[in-house]
Amino acid sequence: MTVSTVPTTPFPDQKPGTSGLRKKVPVFQQPRYVENFVQAILDTVPDREGATLVVGGDGRYLNREVVQTTLRIAAANGIARALVGQGGLLSTPAASCVIRKAGAVGGIVLSASHNPGGPDGDFGIKFNAANGGPAPESVTEAIFARTRALTEYRIVEAPDLDLDRIGRARIGAMEVEIIDPVADYAALMREIVDFPAIRALFASGFRMRFDAMSAVTGPYARAILEGELGAPAGTVVNAEPKPDFGGHHPDPNPVHAHDLMALMLGPDAPDFGAASDGDGDRNMIVAPGRFVTPSDSLAILTAQARNAPGYAAGLAGVARSMPTSRAVDRVAAALGIRAYETPTGWKFFGNLLDAGLITLCGEESAGTGSNHVREKDGLWAVLLWLNILAATGRPAQDLVRDHWARFGRDYYARHDYEEVETEAANAVMEGLRSRLGCLPGQRVAGLTVAAADEFRYVDPVDGSVTERQGIRILFAEDARVVYRLSGTGTAGATLRVYIERYSADRLDAAVEEMLAPVVEAARALGAVAALTGREEPSVVT
Ligand code: G1P
Ligand code: ZN
């Protein structure tokens, strides 16, 4: 075997964001770009010598090439064994599952999540640690620092591996095992979710549609829903993972999953609809005639989790990202369990899960998860919903209505202003920040500001502090607006404005109508149009 040491110079822009390093494909195609970043990751894994590393991705454009490069670099850096999903595929939650099960030192996961793929789309590389979760900020900072100091990388010169053949191979001294990407994950689901109950539900004629959005969950959903649980063939649509996701935006929300929405809101809606994103960690839940917001879904799963074998003993606690609606807090209060509020991004849940402080967690951006892995998990959320529907015997739309009747309803919307000039987006945030002190008491759009602050998180487990995680404005009328800048965008800046309003008894009002004054207040307080030139958001979800 030949290990080459190749001189290199740093790229200035390899700073991981909310979820790894994400850039346009041509950026990753620059010579040495991938090599540098993977070397920097491995340099920050002190106990890599003789260790196992998991490698896989969501199948997007460049996935196979980067898997090959990653393996060659891993082999040159003392990794003894690599586990790779067949075809280079591993959904993000399955990668987390495999890392934990194999006792790996971590995993290199190739994905830009819900961002479009293809030659002009996005690509991404993230590192998950030995607990199966996204590298914490201390590690991503160390990786970034390393990318700035790199002078060489090490690589084994070897031909490409056949990624499609399950079995063992070698690169230099490293053993490579090509594994079935679904098997370990399916085994875990079987332990925590009541498969026999779901099988009986499908056998009784229950109909659903799962839209895999031409992304990685296709093979998982087919094997589990259609294969093991007996859902009729054709339940899973867009099940073939494609390098460009069929030209679509693999983001499971009402805008991008419009076919599923149209079906579920139409006269022939099946009993349940769901979708997942590019790398399989997000989920969308739709009842006949009704989209279930991710914030509501988290609250409902929390209220009903005991119906599943994995959670029969009850929940230790729950956590939600700060911009996620407060619906789950009401459930936690009723159950008498702790509710934590964390910054946006899955990595902040890791410590709480590892310390056993929480069992379920979720984000408004269609991410829901539990202590079974250390990532959000799209298909798991769908299976838990099915388990609950089977156990309660309630139609999905009634289950949602019952929940609101008990806890009240948090009307919710997110307004994204995409590809805004970075200076303009910063100006919105700066403007709000400078006025935080004088906002309380102000009247705007018929609402009264009750409190305004900038979210700062002190991790209850390790005491680490994360500053500037979004501006929160609370109104006396049980409404809230949150402003923050995206950490995953790849072009310009994305300003996210999260809008919500609670009602204990108005359960069936139109969302737009309920939120209209809050939207007006949000625009006025942020001076969004004046500073960004945008009258309307680019996407409302
Ligand atoms: C977005 C979501 C966030 C999620 C992240 C990764 O991050 O808002 O909840 O964890 O993608 O999927 P953002 O672009 O807002 O930083
Ligand atoms: Zn994702």
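A quick note: this is a predicted structure, and the numbers were derived from the prediction, not measured.

A.B. asks: Would you explain the pattern of salt bridges in this entry?
C.D. replies: When their charged atoms lie close together, side chains carrying opposite charge are able to pair. What the rule picks out here adds up to 38 salt bridges. Here glutamate 177 makes a salt bridge to arginine 81, at a shortest N to O gap of 3.4 Å. With a gap of 96 residues between them, glutamate 177 in strand S9 (residues 174–179) and arginine 81 in strand S4 (residues 81–89) connect regions that are remote in the sequence. Residue arginine 320 pairs with glutamate 341 through a salt bridge whose shortest N-O separation is 3.1 Å. Taken as a pair, arginine 320 in strand S15 (residues 317–321) and glutamate 341 in strand S16 (residues 338–342) lie far apart in primary sequence, 21 residues in all. Judged by relative accessible area, which is 4%, arginine 320 ranks as buried. Several salt bridges share partner residues, and in doing so they unite Arg320, Arg326, Asp329, Glu341, Asp453, Arg472, Arg480 and Glu500 into one network.

A.B. asks: Explain the nonpolar core to me, please; I cannot follow it from the model alone.
C.D. replies: With 73 residues, the main nonpolar core has Met208, Phe210, Leu225, Phe272, Trp385 and Leu386 as its most contacted residues. Broken down by element, this core gets its largest block of residues, ten residues, from helix H13 (residues 378–392). Residues contacting leucine 386, with those up to four places away along its chain left out, are Ile198, Leu201, Phe202, Phe206, Met208, Leu225 and Phe272.

A.B. asks: Explanation requested: the sheet that holds strand S10 (residues 208–211) in the structure shown.
C.D. replies: Strand pairing in a sheet takes place through backbone hydrogen bonds and is either antiparallel or parallel in direction. Spatial strand order, S11-S10-S12-S13-S14: five strands in an open sheet with mixed pairing. Looking along the sheet, the strands with just one partner apiece sit at the ends: strand S11 (236–237) and strand S14 (290–292). Relative to S14, strand S13 (residues 283–287) runs antiparallel, the two sharing three bridges. Bridge pairing links valine 286 to phenylalanine 291 in S14. Where helix H9 (residues 258–265) meets the sheet, its contacts fall on S10, strand S12 (272–276), S13 and S14, and the angle it forms with S13 comes to roughly 20°.

A.B. asks: So what exactly am I meant to see when it comes to the sheet that holds S15 here?
C.D. replies: Taken in spatial order, the four strands make up an open sheet running S16-S15-S17-S18, and their pairing is mixed. Either end of the sheet is taken by a strand with one partner, and the two such strands are S16 and strand S18 (367–370). Sheet twist, expressed as the mean angle between neighbouring strand axes with direction ignored, is 15°. Relative to strand S17 (residues 360–363), S15 runs parallel, the two sharing three bridges. Looking across to S17, one finds that valine 318 is bridged to leucine 360. The sheet contacts of helix H10 (residues 294–304) involve S15, S17 and S18, and relative to S17 the element is tilted by about 170°.

Thresholds applied
Residues numbered from 1 in each chain as written. Chains lettered and ligands numbered in written order. Predicted model: local features only at pLDDT ≥ 70, side-chain atom pairs only at ≥ 80, totals over all residues. Heavy atoms only, no water. Salt bridge = Lys/Arg side-chain N within 4 Å of Asp/Glu carboxyl O. Helix = DSSP H or I, 4+ residues; strand = E, 2+ residues; numbered from the N terminus. Buried < 20%, exposed > 50% of the residue type's maximum accessible area, 1.4 Å probe, protein only. Core = buried A, V, L, I, M, F, W, Y, C linked by side-chain atoms within 4.5 Å. Contact = heavy atoms within 4.5 Å. Pairing = 2+ DSSP bridges. Axes fitted to C-alpha atoms, helices over the stretch in contact; angles between N-to-C directions.

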